[in-house]
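Inside the fold
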Amino acid sequence: MAENNSNQDVTSKGQATLAHEELTGVRAYALPTSYEGSPTIAATAQIADSAKLRGKVVVGNYVVIKDNVIIEGDVTIGNGCVIEPNCVLRGPSVIGENNHFYQFCSIGEACQDLKYHGEPTRLIIGNDNTFREHCTVHRGTTQGLNETRVGSNNLFMVNTHVAHDCVVGDHCIFSNNATLAGHVTIGDYVIFGGLAAIHQFGRVGAHAFVAGMAALNMDVPPYVMAAGHYAKPFGINKVGLARRGFSEEAINAIKKAYMIIYHKHLTIEEALPQLEDLAQQESAVQIMVDFLKENGRGIVR
């Protein structure tokens, strides 16, 4: 149900902040004690009596909010979303339509970056995503994009973490306990196996496959399969490409591009002219060219 803002013990919160600084050497920011405005709720929404909505929360048509959910701040929830019991959503956050948040998700929380001091950064989520139990997605930082972005039609399995300033594309799958550090960019149709993790500022290109328990300290180009600790390349995601309707000609060209990058012992600068020529013959190779031209952490080898 919608609640009026309630006063909290600001003195004790300030004392806790000082104690944290003394123990850690890090100046903690104070959490909000009140939220401006009041919720706007569509007539067709279903909200449990035990749910708590505080601030400028906007709830769209046919949204279902179940027991003990907490939604605070400037949060917009699109039509048809389902929020299972005991989730916490904070803003500024804009959540699209038909997203399903399973129990105990924490969405739009302040990030864990020690440079963050309570600035009103954002989280933006597209449509038709599924967030299974205990997923965490944090807002951005002013030092990064100022927002975290999640696309549409993604599946985030149990305990997936998406850190501040990440950009996640569409149609991705993140298996249990997959972990994205801050400033990570994930292309469309990427699959992360269970317990896989990627270093901050890392990139994974479209249609890539990251095996379970892989540790990525370098970028993974589009279409490439990566596995290991630290991860190494293991060919192209041929099965995934076939399932998504790539032609045999396109898959063969992508395989040839992989051979140029990894089997000819060329630097990226040396490989790019050959890849550009190949992209003229098969357009599917172009996203590999574009990916390699962008500045990153270097690619898995």
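A short tour of the structure in this document, coming up. (Residues numbered from 1 in each chain as written. Predicted model: local features only at pLDDT ≥ 70, side-chain atom pairs only at ≥ 80, totals over all residues. Heavy atoms only, no water.)

1. Notes on the overall build of the chain
For clarity, the threshold we go by: Numbered from the N terminus, helices here are DSSP runs of H or I no shorter than four residues, and strands are runs of E no shorter than two. Only protein chains enter the accessibility calculation, which uses a 1.4 Å probe. A residue is then buried if its area is under 20% of the maximum for its type, exposed if over 50%, and partly exposed in between. Values of accessible area rely on a 1.4 Å probe in the Shrake-Rupley scheme; residue burial ignores everything except the protein chains shown.
When helices and strands are tallied, the chain shows 5 helices and 29 strands. Projecting the C-alpha coordinates of the chain onto the three principal axes gives extents of approximately 65 × 50 × 30 Å. Counting all 301 residues of the chain, 46% fall into the buried class. Here the chain displays about 14300 Å² of accessible surface, and carbon together with sulfur accounts for 51% of that area.

2. Overview of helix α3 (residues 248-262)
Definition in use: Helix span, as expected, comes to 1.5 Å for every residue beyond the first. Any pair of residues with heavy atoms lying within 4.5 Å of one another is described as a contacting pair.
In a regular helix each residue adds 1.5 Å, so 15 residues correspond to 21 Å; α3 covers 21 Å between its end C-alpha atoms and thus fits that length. Residues of α3 that are buried include every one of Ala250, Ile251, Ala253, Ile254, Ala257, Tyr258, Ile260, Ile261 and Tyr262, and no others. Packing partners of the buried residues in α3 comprise β28 (224-228), β29 (231-236), α2 (238-243), α4 (268-281) and α5 (286-293).

3. With respect to the side chain of arginine 54
Structurally, arginine 54 can be placed in strand β3 (residues 52-54). Arginine 54 sits in the buried class, given a relative accessible area of 16%.

4. A short note on the side chain of aspartate 165
Definition in use: All tallies of charge rest on Lys and Arg as positive and Asp and Glu as negative; His and the ends of each chain are not included. Each reported salt bridge corresponds to a side-chain nitrogen of Lys or Arg within 4 Å of a carboxyl oxygen of Asp or Glu. Think of a polar contact as two N or O atoms within 3.5 Å of one another; within protein, one of them needs to be a possible hydrogen donor and the other a possible acceptor, and neighboring residues in sequence only count if both atoms come from side chains.
With respect to the element layout, aspartate 165 can be found in the loop between β18 (161-162) and β19 (167-168). At 7.8 Å, lysine 115 is the nearest oppositely charged side chain to aspartate 165, a buried residue that forms no salt bridge. A distance of 2.7 Å separates the side chain of aspartate 165 from the side chain of histidine 164, its partner in a polar contact. Once residues within four sequence positions are removed from consideration, aspartate 165 is found in contact with Arg139, Gly140, Thr141, Gly144, Leu145, Asn146, Glu147, Thr148, His183 and Val184.

5. Let's talk about the environment of isoleucine 125
Relative to the assigned elements, isoleucine 125 resides in strand β13 (residues 122-125). Among the residues examined, isoleucine 125 registers a relative accessible area of 3% and is labelled buried. Sequence separation between isoleucine 125 and cysteine 111 is 14 residues, and the spatial gap between their C-alpha atoms is 16 Å. Excluding anything up to four places from it in sequence, isoleucine 125 contacts Val94, Ile95, Gly96, Asn99, Phe101, Ile107, Phe131, Val150 and Gly151.

6. Some words on the pairing of β28
Applied cut-off: Any two strands between which DSSP finds at least two bridges are classified as paired.
In this sheet, β28 lies alongside strand β26 (residues 209-210) in parallel orientation, the contact comprising 2 bridges. Looking at β28, one finds that phenylalanine 209 is bridged to methionine 225. Linking two consecutive strands that pair antiparallel, namely β28 and β29, is a turn of 2 residues.

7. Overview of the state of the cysteines
Stated formally: The disulfide criterion used throughout: a pair of cysteine sulfur atoms within 2.5 Å.
One pass over the full model with this rule turns up 0 disulfides. With no disulfide of its own, cysteine 87 lies closest to cysteine 105 among cysteine sulfurs, the gap being 4.6 Å. Here cysteine 87 falls in the buried class, since its relative accessible area comes to 0%.

8. Focus on the sheet that holds strand β6 (residues 70-72)
Strand order across the open sheet formed by 9 strands is β3-β6-β9-β12-β15-β18-β21-β24-β27, with parallel pairing between neighbours. In this open sheet, the two strands that pair with only one neighbour each are β3 and β27 (215-216). For strand β24 (residues 197-198) and β27, the ladder comprises 2 bridges, and the chain directions are parallel. Bridge pairing in β27 places alanine 197 opposite alanine 215.

9. Looking at α5
Heads up, the rule is: Picture the helix axis, draw a direction to every C-beta atom, and the arc is the one those directions span.
Considered for burial, the residues of α5 that qualify are Met288, Val289, Phe291 and Leu292. Looking straight down α5, one finds that the buried residues subtend no more than 165° of arc, so they occupy a single side. The secondary structure elements touched by the buried residues of α5 are β25 (203-204), α3 and α4.

10. With respect to the packing of α3 against α4
When two helices pack together, their arrangement is given by the angle between the helix axes and the distance between those axes. Note the threshold: Angles run from 0 to 180 degrees between N-to-C directions of axes, and those axes are lines fitted to C-alpha atoms, restricted for helices to the stretch in contact. What sets the label is the angle itself: under 35 degrees gives roughly parallel, over 145 gives roughly antiparallel, 65 to 115 gives roughly perpendicular, and the rest give oblique.
Orientation of α3 relative to α4, taken along the N-to-C sense of each, is 170°, at an axis distance of 10 Å. Between α3 and α4, the angle is such that the two are roughly antiparallel. Contact residues: α3 offers Ala253, Lys256, Ala257, Ile260 and Ile261, while α4 offers Ala271, Gln274, Leu275 and Leu278.

11. Digging into the pairing of β29
Relative to β29, β28 runs antiparallel, the two being bridged by 4 bridges. Of the residues in β29, the one forming a bridge with valine 224 is isoleucine 236.

12. Concerning the packing of aromatic side chains
Where we set the bar: For Phe, Tyr and Trp, where Trp contributes only its six-membered ring, two rings pair if their centres lie within 6.5 Å, and the inter-plane angle classes them as stacked under 30 degrees, edge-to-face over 60, or tilted in between. Consider the ring centre and the ring normal. A charge sits over the ring if Lys NZ or Arg CZ is within 6 Å of that centre and within 35 degrees of that normal.
Inspection of every chain in the model, using the stated rule, returns 6 aromatic pairs. Here the aromatic rings of phenylalanine 101 and phenylalanine 131 are separated by 4.9 Å at their centres, their planes lie at 10°, and the arrangement is stacked. Taken together, the positions of phenylalanine 101 in strand β11 (residues 100-101) and phenylalanine 131 in strand β14 (residues 130-131) put the pair 30 residues apart, joining distant regions of the chain. Both rings, one in phenylalanine 156 and one in phenylalanine 174, keep their centres 5.1 Å apart while their planes meet at 10°; by these two values the pair is stacked. In this pair, phenylalanine 156 is assigned in strand β17 (residues 155-156) and phenylalanine 174 in strand β20 (residues 173-174), connecting sequence segments 18 residues apart. When sorted by exposure, phenylalanine 156 lands in the same class as phenylalanine 174, which is buried. The aromatic ring of tyrosine 102 is capped on one face by arginine 132, whose charged end is 4.0 Å from the ring centroid.

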